[in-house]
Amino acid sequence: MKKILITGGAGFIGSHVVRHFVNKYPQYEIFNLDKLTYAGNLENLTDVEKMPNYHFVKGDIEDAEFIMNLFQKEQFDGVIHLAAESHVDRSITNPLQFIHTNVLGTVQLLHAAKTTWNGNYEGKKFYQISTDEVYGALGDTGLFSETTPYNPHSPYSAAKASADHFVRAYHDTFGMPTVISNCSNNYGPNQFPEKLIPLFINNIKHNKPLPVYGQGLNVRDWLYVEDHVEAIDLIFHQAKPGSTYNIGGNNEWRNIDLIKKLIEIMDRKLGRPEGTSLSLITYVTDRAGHDLRYAIDASKIKNELGWEPKVRFDEGFEKTVDWYLNNEEWFSHVTSGEYEEYYQKMYGNR
Ligand code: NAD
Ligand code: DAU
């Protein structure tokens, strides 16, 4: 029996991680700790909420007393830490919130784990889920490896980088068994429609303009969320304390090419003549400090843990579009209230 704390389990990637662990490891007790910010949604987990090995705890990772009490009470064996403010655009309008959640929240968890484990690290692990954005931006060539120096540009990536440094500091200073993985852009069901793919699916469906930042020439390396989850499972169980792994899809797309591919799929699925929604493309002011290109060298995780992405992009992308089109209710719930305010602020009346 293992007790595992998963933070941010009501969010996009976290909900897939929770489902995977609850179903695959009935002998584990899974605790999902989430503050349920605008990005957290328990509707993502209705299929596992009644499972006997699943527990939901509503709370804030920044709340020192609450976190310490939870760790002392439950005596977790492992922590998989995903809770974060995750959207780069929001970090540009509200950097402080990112320092609070991503930096201070992570340190509260490290402190509570260290205090509770009290030097007895046998069978324990603290796993920080991080991003490739900590490495900064690439030019037209090259890949991020685990030894690429950190060089974050946005308040989001600077806060994630800072949290990663604290995780390493707890390993190096206190001997805590920590691991970190840095992953590229995930896509798949349940992603909040502030991020490129679900936002554009929703806009195409409702014939709204598609706000392409700059010239749409930025490049991202896309990975299906379930492939990320498989990597997380392997790293959680097999990675050596103090180690880091990069995770990527080996699947680079210029934004504009990805958007045109999405339009092609959406027009077909919505029964519109081919190319109809191309007219929705609207070039808008670029994101401040917009990183040109991210791309991952995932050879370490392949060579050491035997992980490779399984889901082909054309298959995963179709599946993703189908999920959003078939989950109208989910979409309408997450795009009401605060979302409308956010949308107005970001994109005006478009
Ligand atoms: P998300 O925004 O969809 O979910 C974040 C979750 O964290 C939400 O459920 C939210 O309620 C919760 N949360 C936020 N603040 C909290 C707090 N103070 N206390 C407790 N819970 C809180 O994010 P995501 O896209 O699923 O990303 C999850 C993690 O993976 C993040 O750490 C992110 O940096 C990392 N990551 C994401 C991607 C990606 O492409 N989405 C890629 C690499 C790494
Ligand atoms: O690389 C991993 C990161 O991927 C994660 O750490 C982040 O949490 C996650 O949000 C994602 O960051 P990006 O900034 O790459 O994702 P986003 O979906 O916001 O944007 C993808 C690209 O599309 C980026 O180049 C900006 C562009 N874009 C985005 C939006 C929302 C647009 O052109 N228009 C838009 O409206």
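Everything below is about the structure printed above this text.
Residues numbered from 1 in each chain as written. Chains lettered and ligands numbered in written order. Predicted model: local features only at pLDDT ≥ 70, side-chain atom pairs only at ≥ 80, totals over all residues. Heavy atoms only, no water.

> Just checking my understanding: could you explain the site of ligand 1 for this structure?
Taken together, 28 residues sit near ligand 1, with Ile 13, Asp 34, Ser 86, Tyr 156 and Lys 160 positioned nearest. Here an oxygen atom of ligand 1 sits 3.0 Å away from a polar atom, N or O, in the main chain of Phe 12. In the model, a nitrogen atom of ligand 1 is placed 2.8 Å from a nitrogen or oxygen of the Asp 60 side chain. Across the complex, the protein chains shield 97% of the 840 Å² of accessible surface that ligand 1 would expose by itself. No other element matches strand 5 (residues 125-131), which puts three residues into the shell around ligand 1. (Near = heavy atom within 4 Å. Polar contact = N/O pair within 3.5 Å; in protein donor to acceptor, adjacent residues only side chain to side chain. Areas by Shrake-Rupley, 256 points an atom, 1.4 Å probe, with all protein chains shown as cover. Helix = DSSP H or I, 4+ residues; strand = E, 2+ residues; numbered from the N terminus.)

> Looking at this structure, I do not really get the nonpolar core. What am I missing?
Buried together is how nonpolar side chains tend to be arranged in soluble globular proteins. If you look at the biggest cluster of nonpolar residues, it comprises 43 residues, and the most contacted ones within it are Ile 6, Phe 21, Ile 80, Tyr 127, Ile 235, Ile 247 and Ile 301. Counting residues per element, the ones that place at least two in this core are strand 1 (2-7), helix 1 (12-24), strand 2 (28-34), strand 5, strand 6 (178-183), helix 7 (225-238), strand 10 (244-247) and helix 9 (299-305). Setting aside anything within four residues of it in sequence, one finds Ile 6 in contact with Val 17, Val 18, Phe 21, Ile 30, Phe 31, Asn 32, Leu 33, Ile 80 and Leu 82. Of all hydrophobic cores here, the second largest spans 33 residues; its members include Val 212, Val 321, Tyr 324 and Tyr 343. (Core = buried A, V, L, I, M, F, W, Y, C linked by side-chain atoms within 4.5 Å. Buried < 20%, exposed > 50% of the residue type's maximum accessible area, 1.4 Å probe, protein only. Contact = heavy atoms within 4.5 Å.)

> Sorry if this is basic, but what is going on with the pattern of salt bridges here?
A side chain of one charge can pair with a side chain of the opposite charge when the charged atoms of the two come close. Following the criterion strictly, the structure yields 20 salt bridges and no others. With a closest N to O distance of 2.7 Å, Arg 90 and Glu 194 form a salt bridge. With Arg 90 in helix 3 (residues 88-93) and Glu 194 in the loop between strand 7 (185-187) and helix 6 (196-205), the pair connects residues that are 104 residues apart, well separated along the chain. The shortest N-O distance in the salt bridge between Glu 252 and Arg 293 comes to 2.7 Å. With a gap of 41 residues between them, Glu 252 in strand 11 (residues 252-254) and Arg 293 in the loop between strand 12 (281-284) and helix 9 connect regions that are remote in the sequence. What makes Glu 252 partly exposed here is its relative accessible area of 38%. Among the residues examined, Arg 293 registers a relative accessible area of 6% and is labelled buried. (Salt bridge = Lys/Arg side-chain N within 4 Å of Asp/Glu carboxyl O.)

> Any chance you could explain the sheet that holds strand 1 here in plain terms?
In a beta sheet, neighbouring strands pair by backbone hydrogen bonds and run either parallel or antiparallel. Across the sheet, seven strands lie side by side as 3-2-1-4-5-6-10; this open sheet has parallel pairing. In this open sheet, the two edge strands, each paired with only one partner strand, are strand 3 (54-58) and strand 10. When the angles between neighbouring strand axes are averaged without regard to direction, this sheet yields 20°. Relative to strand 3, strand 2 runs parallel, the two being bridged by five bridges. Residue pairing in the sheet places Leu 33 in a bridge with Val 57 of strand 3. Docked against the sheet, helix 2 (residues 64-74) engages strand 1, strand 2, strand 3 and strand 4 (78-81), running at close to 175° with respect to strand 2. (Pairing = 2+ DSSP bridges. Axes fitted to C-alpha atoms, helices over the stretch in contact; angles between N-to-C directions.)

> Teacher, can you tell me more about unusual backbone geometry here?
Note on backbone geometry: most residues besides glycine have negative phi, and most peptide bonds are trans. For Leu 36, which is not glycine, the phi torsion reads 55° and is therefore positive. Relative to the assigned elements, Leu 36 resides in the loop between strand 2 and strand 3. One non-glycine residue, Asn 118, lies in the positive phi region at around 50°. Locating Asn 118 in the fold gives a position in the loop between helix 4 (95-117) and strand 5.

> Explain the packing of aromatic side chains here, please?
For any pair of aromatic rings, the description consists of the separation of the ring centres together with the inter-plane angle of the planes. This structure, assessed with the given rule, holds 25 aromatic pairs. Aromatic pair Phe 144 and Tyr 294: ring centres 6.3 Å apart, planes at 40°, arrangement tilted. One end of the pair, Phe 144, is in the loop between strand 5 and helix 5 (155-174); the other, Tyr 294, is in the loop between strand 12 and helix 9, with 150 residues separating them in the sequence. Exposure remark for Tyr 294: the relative accessible area of 2% places this residue in the buried category. Both rings, one in Tyr 339 and one in Tyr 343, keep their centres 6.1 Å apart while their planes meet at 45°; by these two values the pair is tilted. Residue Tyr 339 and its partner Tyr 343 are both found in helix 12 (residues 338-347); the two are separated by four residues, about one turn of the helix. With respect to class, Tyr 339 is no different from Tyr 343; both count as buried. Members of the aromatic cluster, each reached through a chain of ring pairs, are Tyr 38, Phe 192, Tyr 339, Tyr 343 and Tyr 347. Above the plane of the ring of Phe 174 lies Lys 114, whose end atom (NZ or CZ) is 4.5 Å from the centre. Taking NZ or CZ as reference, Lys 300 lies 4.4 Å from the ring centre of Tyr 245, over its face. (Phe/Tyr/Trp six-rings, centres within 6.5 Å; stacked < 30°, edge-to-face > 60°. Lys NZ or Arg CZ within 6 Å of the ring centre and 35° of its normal.)

> Where do I start with the layout of surface pockets in this structure?
In this approach a probe as big as a water molecule rolls over the atoms, and the regions it shows empty are the leftover space. In this structure, the largest pocket occupies an estimated 280 Å³ of space. Contributing to the lining of the largest pocket are Tyr 38, Glu 85, Arg 90, Thr 93, Asn 94, Gln 97, Phe 98, Glu 338, Glu 341, Tyr 342, Lys 345 and Met 346. Where the lining of the largest pocket is concerned, the elements lending two or more residues are helix 3, helix 4 and helix 12. A total of five residues in the lining of the largest pocket trace back to one element, the largest contributor, which is helix 12. Grouping the constituent residues of the lining of the largest pocket by class yields four nonpolar, three polar and five charged. (1 Å grid on protein atoms, 1.4 Å probe; cavity = no way out; pocket = protein on both sides within 12 Å on 5 of 7 lines; lining within 4 Å. Points joined across faces, edges and corners; volume = space filled by probe spheres on them. Nonpolar A, V, L, I, M, F, W, Y, C, P; charged D, E, K, R; others polar.)

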